[in-house]
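Inside the fold
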Amino acid sequence: MAKVLMKGNEAIGEAAMRAGLDAFFGYPITPQSELPEYLSREMPARGKVFVQAESEVAAINMIYGAAGAGARVMTSSSSPGIALKQEGITYIAGSELPCVICSVGRSGPGLGGIQPGQADYYQATKGGGNGDYHLLVYAPANIQEMCDMIMEAFDKADYYRNPVMILADGMIGQMMEPVEFKELKKEREVPAWATTGTEGKRAPNIINSLYLNPEDLEEHNIHLTKKYDEMKEKEEQWEEYNLENAEVICIAYGTTSRIVKNAIETLKDEGINVGLIRPKTLWPFPEKAFKEYPKTAKAILVVEMSTGQMITDVRAFNEGRLPVYFYGRSGGMIPTPEAVVAELRKIIEGGK
Amino acid sequence: MAIVYERSKGLTNAETHYCPGCTHGIAHKLVAESLVELGVLDKAVGVAPVGCSVLAYNYFNCDMQEAAHGRAPAVATGIKRVRPDNIVFSYQGDGDLASIGTAEIVHAAHRSENITVIFINNAIYGMTGGQMAPTTLLGQKTTTSQNGRQLEGQGAPIRIAELLSQVPGAKSVERVSLHNTQNIRKAKQAILKAFKNQIDGKGFSIVECLSTCPTNWGKSPVDAMKWLEENMIPYYPLGVFRTPEEEI
Amino acid sequence: MAKKVDHRFVMAGFGGQGIMSMGMMLTYAGMIENKNVSWLPSYGPEMRGGTANCNVIISDKAVGSPLITTNATCAVVMNQPSLAKFESSVEEGGILLINSSLVENKAERDDIDVYYVPCNEIAVELGNPRVANMIMLGAVLQLTEAVTEDSLPEAFKAVFGAGKEHLLPINKEAIKKGAEFIAKQA
């Protein structure tokens, strides 16, 4: 299929439909509203379900119901809306249902602002709902990658029976880039555990996260933990960029990684080598990328569109080996490549 | 020997946890019998609430989903939209439906989701230990209205059937009571009709069932039945509030 | 060896002047010519309040940040407020195109090449005041050669939809007029 130029939010919708999306339940919020708008038009036209819910809370619970009934489902929102969805997300994780949640981040806290932000790293990776659970979290840096990740996300959600999140930001949602959609996968079978009616052929299926007996609940938690361990083993993804002979290693994801790449190119022209580790999965965090640094590396610079969230994970896996510096903008302000270059100079010239 | 009565096939053999004199058991039986009589038990998917009937998924002999508190109508919406051929019902108490879940129930009704809602109104929170519900009567003592519910600051009890009867999408709205045989028979007819509506694709149907909570009311089962009749029915009049035939 | 391609456009004006679609056409044409491209709009209440701007990148290299703040190779300002806001975003030696029909002020900088194009007047002469944005696009392409004329019809169809195909001739004419205006100045 040929490339098309598409807005990020609309591309999410198209990619999800190509992945066999049966139903979408959502609620409008800037900067992701083009996604429900696109799907409100395209889903019914393709014989699929689109419902604009009365709230984010209702939308995520519709997702719970439809996922429990065996459908391939997705919802989307942005920062404060994702906050509202946390209740449903922990129920979905606890009940082991597959679904995809797109989070097109804006800036916070509270109502915050509508310009791009990465201040929902904790929300996505450390959970906002109650209990021991995790989401598999992908962080795309461009629209093509986002579409590829969405196709993958549905399969991973099915494999692990766990919600999967695509964490983008307002910039990726709003911008247009060329994208080529992958071919349709083969028809997905309705899972055997789904509530589709017994048809008198089996015992009732029950979708539930309630375990009143502590022994049973602990056993359930251990079972979930095994899945999360398997994710850590198999699902870590990251990109290494210009790492060889790098004096400083930048750590950045999503939109910010693109800005950092501009900064790296600028310094390369001057003969200064700076590298980038770009986490593509935020949970599991790509721990393996931190096993060994290039011998030339003297420091780490974490760049985020927040006041510093991912840096806690970087520090944890750096284990004190290199000094870790931070540069961030927040509130919808976007770091410029020039500012990142200036930070890197400070570190390299020892002025920091 | 001919069998004249047996446990409904719509119920599992599990022993329920409900208190003696609680009418949840009656409501369960009526729902189960209706599903069997309409021949849709095998296609039924129920949604259990949070509250006393939280374990309903163990009692109904059909596929079940356990919803978060108040969200059963949203969960049922999700199920019905992707499985329109299944018969989907939610079973909710008054804390669940009339307090934390008002947005979900009103909007499911507004969209006229083709589902059946069984609403148990016993004027109190049962599971959490007898706290004031939005349906608690004025003057009624509960653990969070120890001097009796006051109009000022706590408001008047919410009449869900009347409220939903104002929603165009609520195609069938009826209030029944489970306090005596005569009314239980009427309740059965109302529940049967509410499921029949769904089978016929008529849209959103709700049956509000006035129920007892002897434990948290601090009454014997018999006195509880009497209290319901004398106190709840005057405030919550029984009857049909909407039928699918009527347009508003 | 082919010429190095690395264009960074800032385009700004009132909502309704066709700023976004001008940027999209440029982006689409770049994609058709197998360049790396991105289009980034301003969004939110300011769009509804009347001003609109977008950033377009057309490059041989992978697009890094899609946001352009200080190093635009070319800025297009279609109204007065945009001149104040975006004159500073052009890099030294870059190009600033001003719609002189609606912008009374002159540019203040002397380290960039500034062109004044009376887009609305030319469009009116052409018989359709709505194609002022295409007059400007013609001027942009004459100066930057960011994309070739050949890819514009396809880009037009992609951006405006098959239903607007009958407007292609007038738009092509507008692009030609804009280009001619610049060519005459040279």
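Residues numbered from 1 in each chain as written. Chains lettered and ligands numbered in written order. Predicted model: local features only at pLDDT ≥ 70, side-chain atom pairs only at ≥ 80, totals over all residues.

**Some points on the pairing of strand β6 (residues 204–210) of chain B**
All names here are of chain B. Burial runs high along β6: 7 of the 7 residues are buried. The side-chain alternation of β6 yields two buried faces, one formed by F204, I206, E208 and L210 and the other by S205, V207 and C209. Relative to β6, strand β4 (residues 116–121) runs parallel, the two being bridged by 6 bridges. In the strand pairing of β6, I118 is matched with V207. Examined bridge by bridge, strand β5 (residues 170–177) and β6 share 7 bridges and lie parallel to one another. Within β6, the position partnered with R175 by the bridge is E208. Chirality of the crossover, the property in question, places the unit of β5, helix α7 (residues 181–199) and β6 among those that are right-handed. (Buried ≥ 20, exposed ≤ 12 C-beta atoms within 10 Å, placed from the backbone. Helix = DSSP H or I, 4+ residues; strand = E, 2+ residues; numbered from the N terminus. Pairing = 2+ DSSP bridges. Right-handed = clockwise from strand over helix to strand, strands pointing away.)

**Remarks on the packing of helix α3 (residues 56–68) of chain A against helix α4 (residues 79–94) of chain A**
Residue and element names in this part refer to chain A. Contact pair α3 / α4: the axes reach a minimum separation of 7 Å and the direction vectors enclose 25 degrees. Between α3 and α4, the angle is such that the two are roughly parallel. For the pair α3 and α4, the crossing hand works out as right-handed. On α4, the residues touching E56, V57, I60, N61, I63, Y64 and A67 of α3 are G81, L84, K85, E87, G88, I89, Y91 and I92. Here the residues of the contact of α3 with α4 are counted per class, giving 9 nonpolar, 3 polar and 3 charged. (Axes fitted to C-alpha atoms, helices over the stretch in contact; angles between N-to-C directions. Parallel < 35°, antiparallel > 145°, perpendicular 65-115°, else oblique. Left-handed = near helix turned anticlockwise from the far one by under 90°. Contact = placed C-beta atoms within 7 Å. Nonpolar A, V, L, I, M, F, W, Y, C, P; charged D, E, K, R; others polar.)

**Topic: the sheet that holds strand β1 (residues 44–48) of chain B**
In space, the 8 strands of this open sheet follow the order β10(A)-β2(B)-β1(B)-β3(B)-β4(B)-β6(B)-β5(B)-β7(B), with mixed pairing throughout. Edge positions in the open sheet fall to β10 (206–207) of chain A together with β7 (239–242) of chain B, since each of these has one partner strand only. Bridging between β10(A) and strand β2 (residues 63–66) of chain B involves 2 bridges; their strand directions are parallel. Counterpart to A:I207 in the pairing with β2(B) is B:Q65.

**Focus: the interface of chain C and chain A**
Between chain C and chain A, the residue contacts involve 18 residues of the former and 19 residues of the latter. Among the secondary structure elements, those contributing two or more residues to the side of chain C that touches chain A are α1 (19–32) and β2 (36–41) of chain C. The element that contributes the greatest number of residues to the side of chain C that touches chain A is β2(C), accounting for 5 residues.

**Topic: the interface of chain B and chain A**
Counting residues at the interface gives 28 residues for chain B and 34 residues for chain A. Among the secondary structure elements, those contributing two or more residues to the side of chain B that touches chain A are β1, β2, α2 (72–82) and α4 (102–110) of chain B. In terms of residues, the side of chain B that touches chain A owes the most to one element, α2(B), which gives 8 residues.

**Thoughts on the domain arrangement of chain A**
All names here are of chain A. Here the domain parsing of chain A yields domain 1 (4–234) and domain 2 (239–348). Averaged C-alpha coordinates put domain 1 and domain 2 at centres separated by 28 Å. At the junction of the two partners, domain 1 supplies 26 residues and domain 2 supplies 22 residues. Among the secondary structure elements, those contributing two or more residues to the side of domain 1 that touches domain 2 are β6 (113–116), α5 (121–125), β7 (136–138), β8 (163–169), α7 (170–174) and α8 (214–234). In terms of residue count, α5 provides more of the side of domain 1 that touches domain 2 than any other element does, 4 residues in total. Here the side of domain 1 that touches domain 2 is built from residues that sort into 17 nonpolar, 7 polar and 2 charged. (Domains from an automatic or database assignment.)

**A few points about α8(A)**
Taking 1.5 Å per residue, 21 residues should reach 30 Å; α8(A) reaches 30 Å between its end C-alpha atoms and fits that length. On its buried face, α8(A) sits against β7 and α6 (143–160) of chain A. (Expected span 1.5 Å × (residues − 1).)

**A look at unusual backbone geometry**
Among all residues except glycine, the phi angle is most often negative; among peptide bonds, the trans geometry is most common. Residue and element names in this part refer to chain A. Across the junction of T30 and P31, the peptide omega takes the value 5 degrees, indicating a cis bond. Tracing the chain through its elements places P31 in the loop between β2 (23–26) and α2 (34–45). Residue P109 is reached from G108 by a cis peptide bond, and omega for that bond is 5 degrees. Assignment of secondary structure puts P109 in the loop between β5 (99–107) and β6. The backbone of N245 sits at a positive phi, close to 60 degrees, despite the residue not being glycine.

**Some words on helix α9 (residues 254–269) of chain A**
Residue and element names in this part refer to chain A. For α9, built from 16 residues, the straight-helix expectation of 22 Å at 1.5 Å per residue is met to within 8% by its first-to-last C-alpha distance of 24 Å. For α9, the full list of buried residues reads G254, T255, T256, S257, R258, I259, V260, K261, A263, I264 and L267. Following α9 by one or two positions, G271 has its phi on the positive side, about 85 degrees.

**Things to note about the nonpolar core**
Counting residues in hydrophobic clusters, the biggest one holds 249 residues, and the most contacted among them are A:V100 and C:M136. Counting residues per element, this core draws most heavily on α1(C), which supplies 10 residues. Not counting chain neighbours up to four residues away, the residues in contact with A:V100 comprise A:A16, A:M74, A:I150, A:A153, A:F154, A:A157, A:V164 and A:I166. (Core = buried A, V, L, I, M, F, W, Y, C linked by C-beta atoms within 7 Å.)

**Description of the packing of α9(A) against helix α11 (residues 337–348) of chain A**
The angle between the axes and the distance between the axes are what describe a pair of packed helices. All names here are of chain A. Direction vectors running N to C along α9 and α11 enclose 60 degrees, while the axes themselves pass 8 Å from each other. Relative to α11, the element α9 is oriented oblique. Pair α9 / α11 crosses with right-handed handedness. Judged by residue contacts, I259, V260, N262, A263, T266 and L267 of α9 engage P337, V340, V341 and L344 from α11.

**With respect to the sheet that holds strand β13 (residues 274–279) of chain A**
Residues and elements named next belong to chain A. The strand order across the open sheet formed by 5 strands is β11-β13-β12-β15-β16, and the pairing between neighbours is mixed. In this open sheet, the two strands that pair with only one neighbour each are β11 (238–241) and β16 (324–328). With strand direction ignored, the average angle separating the axes of adjacent strands in the sheet is 20 degrees. Looking at chain direction, strand β12 (residues 248–251) and strand β15 (residues 299–304) are connected through 4 bridges and run parallel. Each bridged residue has a counterpart across the sheet, and for C250 the counterpart in β15 is L301. Along the sheet, helix α10 (residues 310–318) makes contact with β12, β15 and β16, crossing β15 at roughly 160 degrees. Running at roughly 160 degrees to β15, α11 makes contact with β12, β13, β15 and β16 of the sheet.

**Considering the environment of A:V302**
Residues and elements named next belong to chain A. With respect to the helices, strands and loops of the structure, V302 is situated in strand β15. For V302, a count of 25 C-beta atoms within 10 Å gives the class buried. Sequence separation between V302 and S107 is 195 residues; the distance between their C-alpha atoms is 18 Å. Not counting chain neighbours up to four residues away, the residues in contact with V302 comprise I251, M310, I311, V314, V324 and F326.

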